[in-house]
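Now for the letters of each chain:
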Amino acid sequence: MFSFILHFIYRCRRKTWEIEDLPPTSVIITFHNEARSSLLRTVVSVLNRSPEHLIKEIILVDDFSDNPQDGEELAKIQKVRVLRNDKREGLMRSRVKGADAARATVLTFLDSHCECNVNWLEPLLERVEKDPTRVVCPVIDVISMDTFQYIGASADLRGGFDWNLVFKWEYLSYAERESRQRDPTQAIRTPMIAGGLFVINKKYFDKLGKYDMQMDVWGGENLEISFRVWQCGGSLEIIPCSRVGHVFRKRHPYSFPGGSGNVFAKNTRRAAEVWMDDYKHFYYSSVPLAKNIPFGDISERVKLRNDLHCKSFKWYLQNVYPELSIPHSTTSHIGELRQGIFCLDTMGHLLDGYVALYQCHHTGGNQEWSFTNTGLIKHHDLCLTLSSHMKGAQVVMRICDGSDSQKWHRIEPGGLLRHSRYPLCLDSRLTNIRGITAERCNSASDTQKWQLTSSSLSSA
Ligand code: UDP
Ligand code: MN
């Protein structure tokens, strides 16, 4: 291990960069009530450890810190510009404010408690210069929270997550580590970025939709930008020869308007709802309470995704993050059961209530059904149940108990939903009188043909 680290340092030290050909960057640092010493350490290390001509400016965005002097004092330093919010905006809107004010063609985002290491900038700028759709991060070393000492971190890590959508560091696979032994300087593709420290071409940042301006305070934005970059044609990389130290803290040293749990869930839901397609249900299964947190209007971000012709979440899982295992699922379909413009609807009924057709509204709710591999047709924990085995029997919602009266299967072609024991199919012919009934199966009958469609906006 030790010899590997030496080999690694040697290989990075031996690297040279054509710094004359690299583009200068605007460094953007947002902060809210940051310790002045940490802010100063960040700014000074940027100036001291970067080739002069590559730093166009350092933009500090003071996110309405209690004391405006924290920022004002730093504005005396060369190249430093300070923008102050007149109310607390959170890190996403603050970073966008900094980015909009930037004069360089490349943006470098840093947290307000970092120390840039020797040659940190050159390898990052080189990667983005060669291909502006790359979004690149340094290896994030550790600045001890207790002693403020600088401690090197492993370069064999990349960013990932579980279905709770919380960022985590992951060891590279054996194959990747082997290949890195041959050339420890090569870029590491990462499914997710930690979020605070990265370099991106400014035009590309703008084109891809900056950040979701309706996210608040902190959290979830790294998830969102990671999905967005990959799904919309870019890539995320960690560049092992670039190292920046960061103070990792156990808790947030600032207030969290709205409560940290709620804000994090709201931001995460916005990312999940826009980018994860039906896979968002695995998040809701993992964090059920999130379903109760309102996430606001996402139509603009959905439009952005459509306008940029971004790929599906399924593509992301298959091509970027195949290591994320998909929970064993008994659900083969979640969404609407449709006949033309009408959808199967609970009509607001609950236990023992009947169901009927109602005009589709595509927002889930009473029209959200899951069809399991075991043949259940479910709305939450209620299952469509045959009330008797005579034709014309009403179909009602009962607690799912797995009994035969709740088992259905789909007959293709035609889309009939037939009971598993009796030759009876879900039929809408009496929808306005008795709701959905079970009638003798007839593949020529339009009132028995059901389409399964996803309600892309389903919210709960
Ligand atoms: N920040 C901000 N406004 C906020 C919350 C955070 O400007 O409302 C800044 C914060 O000062 C820091 C960066 O955003 O520079 C990232 O926050 P933090 O370091 O707390 O996140 P962590 O690194 O712990 O994930
Ligand atoms: Mn931080």
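Thresholds, definitions, all that
Residues numbered from 1 in each chain as written. Chains lettered and ligands numbered in written order. Predicted model: local features only at pLDDT ≥ 70, side-chain atom pairs only at ≥ 80, totals over all residues. Heavy atoms only, no water. Helix = DSSP H or I, 4+ residues; strand = E, 2+ residues; numbered from the N terminus. Buried < 20%, exposed > 50% of the residue type's maximum accessible area, 1.4 Å probe, protein only. Contact = heavy atoms within 4.5 Å. Axes fitted to C-alpha atoms, helices over the stretch in contact; angles between N-to-C directions. Parallel < 35°, antiparallel > 145°, perpendicular 65-115°, else oblique. Left-handed = near helix turned anticlockwise from the far one by under 90°. Nonpolar A, V, L, I, M, F, W, Y, C, P; charged D, E, K, R; others polar. Donors = N, O, S within 2.8 Å, 3.2 Å for Na, K, Ca; no water. Core = buried A, V, L, I, M, F, W, Y, C linked by side-chain atoms within 4.5 Å.

Trainee: Tell me about the overall build of the chain, and name the residues and values.
Mentor: From N to C terminus, the chain includes 12 helices and 24 strands. In terms of overall dimensions, the chain has a C-alpha envelope of 85 × 50 × 40 Å along the principal axes. Residues counted as buried form 51% of the 460 residues belonging to the chain. Within the chain, contacts between residues at least 6 apart in sequence are counted, and of these 70% link residues at least 24 apart.

Trainee: Go over the packing of helix α9 (residues 260-275) against helix α11 (residues 299-307) with me, naming the residues and quoting the values.
Mentor: Their axes nearest at 9 Å, the elements α9 and α11 cross at an angle of 40 degrees. Judged by the inter-axis angle, α9 sits oblique to α11. Seen along the crossing, α9 lies across α11 with a hand that is right-handed. Contacts between α9 and α11 pair Arg270, Val274 and Trp275 from the former with Arg301, Val302 and Arg305 from the latter. In terms of residue class, the contact of α9 with α11 is built from three nonpolar, no polar and three charged.

Trainee: Any chance you could break down the coordination of the manganese ion (ligand 2) for me, citing the residues and the numbers?
Mentor: For the manganese ion (ligand 2), the full set of protein donor atoms is Asp111 (OD), His113 (NE2) and His246 (NE2), and the range of their distances to it is 2.1 to 2.2 Å. Read N to C, the donor residues that coordinate the manganese ion (ligand 2) are spaced as D-x1-H-x132-H. Take Asp111 and His113: they sit in the same class, and that class is buried.

Trainee: Just give me the short version of helix α5 (residues 122-130), but keep the residues and values in it.
Mentor: Residues of α5 that are buried include every one of Glu122, Pro123, Leu124, Leu125 and Val128, and no others. Buried residues belonging to α5 abut β1 (25-31), β4 (106-110), β6 (134-143), β11 (198-201) and β12 (235-247).

Trainee: Explain the nonpolar core to me, using residue names and the numbers behind them.
Mentor: Residues Phe161, Phe198, Phe205, Phe227, Phe313 and Tyr316 are the most contacted members of the largest nonpolar core, which totals 51 residues. With five residues, helix α8 (residues 221-231) is the largest single contributor of residues to this core. Filtering out sequence-adjacent residues up to four positions away, Phe198 remains in contact with Arg95, Leu107, Thr108, Phe109, Val135, Val136, Cys137, Ile193, Tyr211 and Ile225. Counting residues in hydrophobic clusters, the runner-up holds 28 residues, among them Leu110, Trp120, Leu124 and Leu197.

Trainee: If you had to explain unusual backbone geometry to someone new, which residues and values would you point to?
Mentor: One non-glycine residue, Lys79, adopts positive backbone phi at about 70 degrees. Locating Lys79 in the fold gives a position in the loop between α3 (69-74) and β3 (80-84). Taking the relative accessible area as the measure of exposure, Lys79 reaches 23% and is therefore partly exposed.

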